[in-house]
Amino acid sequence: MTTFPFELNRRRVLGGLAAGAAGLALPAHRALAQVEGDGGRLRARLYADISNLDPAFWTSASDALVIECLFAFSMQFETGTESFDTVPLAFKRVEQIDDTHVEFELNEGIAYSGDYGEMTAEDAKFSWERIADPETKSPYADDWAQLDHVDVTGRYTGTIVLKAPFAPLFTSTLPGVSGVILPRAAIEAAGGRFSTEPPVYSGPYRIREWQPRTRLVLERNPDFTLYEVEFDEIELIPIEDPKTAELGFEAGDLDHAQTSISSIGRYQGSPPRDASFDQFTGLNYNWLGMNEENEVFKDQRVRRAIQHGISREAVVDAAYLGSAKPSAGIIAPGLVGHREANLYDHDPARAIELLAEAGVSGLTVSLAIQQTTEDLAAAQVIQALLAEIGVTVRIDQYESGTYWSLGVEAAGDQWRDLQLFLFSFTMQPDPSWATVWFTPEQVGVWNWQRFNNEEFGRLHREASAEMDPVRRAPIYVRMQEIMEESGDFVFLTFEPVATLTAPGIRAAMRPDGTPILSRFGRG
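Residues numbered from 1 in each chain as written. Predicted model: local features only at pLDDT ≥ 70, side-chain atom pairs only at ≥ 80, totals over all residues. Heavy atoms only, no water.

A.B. asks: Break down the nonpolar core for me, with residues and values.
C.D. replies: With 151 residues, the main nonpolar core has Trp 128, Tyr 285 and Phe 438 as its most contacted residues. Residues in contact with Phe 438, not counting those within four places in the same chain, are Tyr 285, Trp 287, Ile 330, Phe 425, Asn 447, Gln 449, Phe 451, Phe 456, Met 483 and Phe 489. (Core = buried A, V, L, I, M, F, W, Y, C linked by side-chain atoms within 4.5 Å. Buried < 20%, exposed > 50% of the residue type's maximum accessible area, 1.4 Å probe, protein only. Contact = heavy atoms within 4.5 Å.)

A.B. asks: Outline the packing of aromatic side chains, listing residues and values.
C.D. replies: A complete count under the given rule lists 34 aromatic pairs for this structure. When the ring of Phe 91 is compared with that of Trp 128, the centres are 6.2 Å apart and the planes differ by 85 degrees; the resulting orientation is edge-to-face. Placement of Phe 91 in strand 4 (residues 91-98) and of Trp 128 in helix 4 (residues 121-132) is noted, with a sequence separation of 37 residues between them. Each member of the pair Phe 91 and Trp 128 is classed as buried. The lysine or arginine in question, Arg 273, covers the ring of Phe 249, its NZ or CZ lying 4.5 Å from the ring centre. Across the ring face of Tyr 344, the terminal group of Arg 304 is positioned such that the distance to the ring centre comes to 3.9 Å. (Phe/Tyr/Trp six-rings, centres within 6.5 Å; stacked < 30°, edge-to-face > 60°. Helix = DSSP H or I, 4+ residues; strand = E, 2+ residues; numbered from the N terminus. Lys NZ or Arg CZ within 6 Å of the ring centre and 35° of its normal.)

A.B. asks: Lay out the sheet that holds strand 6 (residues 147-152) in plain terms, naming residues and giving numbers.
C.D. replies: The strand order across the open sheet built from 4 strands is 4-5-7-6, with neighbouring strands paired in antiparallel fashion. Looking at which strands have only one partner, the edges of the open sheet turn out to be strand 4 and strand 6. If you compare each strand with its neighbour and ignore which way they point, the axes differ by 20 degrees on average. For strand 5 (residues 101-106) and strand 7 (residues 157-162), the ladder comprises 5 bridges, and the chain directions are antiparallel. Bridge pairing links Phe 104 to Gly 158 in strand 7. Where helix 4 meets the sheet, it contacts strand 4, strand 5, strand 6 and strand 7, and its direction lies at approximately 170 degrees from that of strand 6. (Pairing = 2+ DSSP bridges. Axes fitted to C-alpha atoms, helices over the stretch in contact; angles between N-to-C directions.)

A.B. asks: I'd love a proper account of the environment of Ser 405, names of residues and values included.
C.D. replies: Structurally, Ser 405 is set in the loop between helix 12 (400-403) and strand 16 (420-425). A residue is classified by how much of its surface remains accessible, and Ser 405, at 23% relative accessible area, is partly exposed. Each C-alpha atom, one on Ser 405 and one on Trp 448, is 10.0 Å from the other, the two residues being 43 residues apart in sequence. If near-sequence neighbours (up to four positions away) are discounted, Ser 405 is found in contact with Ala 411, Gln 414 and Trp 448. Within polar-contact distance, the side chain of Ser 405 engages the backbone oxygen of Thr 402 at 2.8 Å. (Polar contact = N/O pair within 3.5 Å; in protein donor to acceptor, adjacent residues only side chain to side chain.)

A.B. asks: Describe the pairing of strand 1 (residues 41-46), and please don't skip the residues or the numbers.
C.D. replies: Counting buried positions along strand 1 gives 6 out of 6 residues, so the element sits mostly inside the fold. Burial of the side chains of strand 1 extends over both faces: Arg 41, Arg 43 and Arg 45 are buried on one face and Leu 42, Ala 44 and Leu 46 on the other. Strand direction decides the pairing type here: strand 1 and strand 10 (residues 233-238), joined by 6 bridges, are parallel. Note that in strand 10 the partner of Leu 42 across the bridge is Ile 234.

A.B. asks: Got a sec to walk through helix 6 (residues 242-250)? Specific residues and values, please.
C.D. replies: Buried residues dominate helix 6, accounting for 8 of its 9 residues. Every buried residue of helix 6 is accounted for by Pro 242, Thr 244, Ala 245, Glu 246, Leu 247, Gly 248, Phe 249 and Glu 250. Capping the start of helix 6, Asp 241 holds a side-chain oxygen 3.0 Å from the backbone nitrogen of Lys 243, two or three residues further along. Within two residues after helix 6, Gly 252 carries a phi angle of roughly 85 degrees, on the positive side.

A.B. asks: I'd like a description of the packing of helix 8 (residues 300-309) against helix 15 (residues 469-486), backed by residues and values.
C.D. replies: The axes of two packed helices give the description: the angle between them and the distance between them. Put simply, helix 8 and helix 15 touch, their axes get as near as 8 Å, and they point 105 degrees apart. On the basis of their axis angle, the class for helix 8 and helix 15 is roughly perpendicular. Listed contacts from helix 15 to Gln 300, Arg 303, Arg 304 and Gln 307 of helix 8 are Glu 484, Glu 485 and Ser 486. Its residues assigned to classes, the contact of helix 8 with helix 15 comprises no nonpolar, 3 polar and 4 charged. (Parallel < 35°, antiparallel > 145°, perpendicular 65-115°, else oblique. Nonpolar A, V, L, I, M, F, W, Y, C, P; charged D, E, K, R; others polar.)

A.B. asks: Could you give me a rundown of the pairing of strand 9 (residues 215-220), with the residues and numbers involved?
C.D. replies: Taken together, the 6 bridges between strand 8 (residues 205-211) and strand 9 define a ladder with antiparallel strand orientation. Note that in strand 9 the partner of Gln 211 across the bridge is Arg 215. The antiparallel hairpin formed by strand 8 and strand 9 contains 3 residues in its connecting segment, where Arg 213 sits at a positive phi of about 65 degrees. Taken together, the 4 bridges between strand 9 and strand 10 define a ladder with antiparallel strand orientation. Residue pairing across strands places Glu 219 opposite Glu 233, the latter belonging to strand 10.

A.B. asks: Which residues make up the side chain of Glu 235, and what are the values?
C.D. replies: Here Glu 235 shows up in strand 10. Of note is the side chain of Glu 235, whose polar atom sits 2.8 Å from the side chain of Arg 41.

A.B. asks: Lay out the sheet that holds strand 17 (residues 489-494) in plain terms, naming residues and giving numbers.
C.D. replies: With mixed pairing, the 5 strands of this open sheet are ordered in space as 15-14-16-13-17. Two strands close off the open sheet at either side, each with one partner strand: strand 15 (392-398) and strand 17. Across the sheet, the mean angle from the axis of one strand to that of its neighbour is 25 degrees, orientation sign disregarded. Each of strand 13 (285-290), strand 16 and strand 17 touches helix 8; the most contacted strand, strand 13, lies at about 140 degrees to it. Of the strands in this sheet, strand 13, strand 14 (364-370), strand 15 and strand 16 are in contact with helix 11 (residues 373-387), which crosses strand 15 at around 165 degrees.

A.B. asks: Please provide a residue-by-residue account of the pattern of salt bridges, values included.
C.D. replies: Applying the stated criterion to the full structure yields 38 salt bridges. A salt bridge links Arg 93 to Glu 103; the nearest nitrogen and oxygen atoms lie 3.8 Å apart. You can see Arg 93 sitting in strand 4 and its partner Glu 103 sitting in strand 5, a full 10 residues away along the chain. One network of salt bridges, with partners in common, ties together Arg 41, Arg 208, Glu 209, Arg 215, Glu 233 and Glu 235. (Salt bridge = Lys/Arg side-chain N within 4 Å of Asp/Glu carboxyl O.)

A.B. asks: Tell me about the side chain of Gln 442, and name the residues and values.
C.D. replies: Relative to the elements of secondary structure, Gln 442 occurs in the loop between helix 13 (432-435) and helix 14 (454-465). Judged by relative accessible area, which is 7%, Gln 442 ranks as buried. Residues contacting Gln 442, with those up to four places away along its chain left out, are Pro 139, Val 436, Trp 437 and Asn 447.

Geometric descriptors of this kind do not, in isolation, establish any biological role.
Shown next as structure tokens:
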């Protein structure tokens, strides 16, 4: 059943996809029932194409979803639970001996593809110390910020030795991508790193085919034995705009897709195709950022004027049609350090005063966004609101590959021209995963605001080493205050997550709505 004002048919949907997704078109498929008969293929949406599958250098949630299919994680989040519970996966046993020592034992017989043998504790030592090593220049080095070294005590056993207590170890590091274990020989044979062509596999699936921007097909890895997988193939289709994905699902071209937030109300009462509609409390956070090193925004009074010029409620309502609420920070409700109130809210009169004090008039700025309906709706409201304080906004839309390089120094000098941008980050269930991207070390990497605050960096390290959540919480609240005081941020919302799953498909979801695709089944 659908509430669309027209009858969908395959031809119309494919035409709409081509127009709505910048030339993207879904490949032809056999009917699902036929595919299930010969082993089974799961068809799901990726919000963007893969760009880097190296656990030390991945760049997006799409990369992370695929990495979870290709490699055996040390630990894995359970699915179908209301809390973030973890279970050992490559680990047979893991035990915290004291605040700085963690013993582990790997399952025997975890096979690597090719001639790389089986997974050993030496591989664990190599993989984790590789990410932590400053010479690797991994943007995820903070996942192992307190790692001193790994002692190998046997072929399958070892001890993680920390320099100080490290709260995220069991909440986001070991169950996350940074807990992946790869063989040294494969990485060295690849030249020290890889991107979209993994030199080795150890997970439930391996890549069979990749057509950039069109589809990625994973096939079952016959050597994987840690758990049973039900689908012989997973076909992943990159579709940036969730509205386009909804059309693909309604036409029967997808078995599972995350919907747009603005469609939550529409699907709650009447999901299409007898599908399952599920809604989750998401951890991902969304904000408007300002590049404080751009000439226009070097004066903090100008940045503060932008903060006062924007009604967060109006932006969020326009983008998500009542399905999301304004936020006051980057740490979601339910996590340690969640913040309830903002310091600087909508006050256009004060914004105009600040611009006058800064000697600024007739200001024109650019706002970079991705090619989604919701980003565009939010940007248009921001454009209208800032026009009321005398600021003209030019909206620049980018496809995801280009967008995600705009503030990255290693990609060139384009970061110098970046002014305003709408950003959304994925999140793991530890507050350090929210704050780590804004430390001084992340300037020019993921810290596109170029927000460079020594106190913030110090508090991030202190909070990561604090094991008591009661003492940890106020540190994170203070860090979000510092972010807002800088003038570089307008916090917008925590994005709720909603998904559609076809009849006959059993989804495997984390509490925040992140799918574990390799655990999907029938039923």
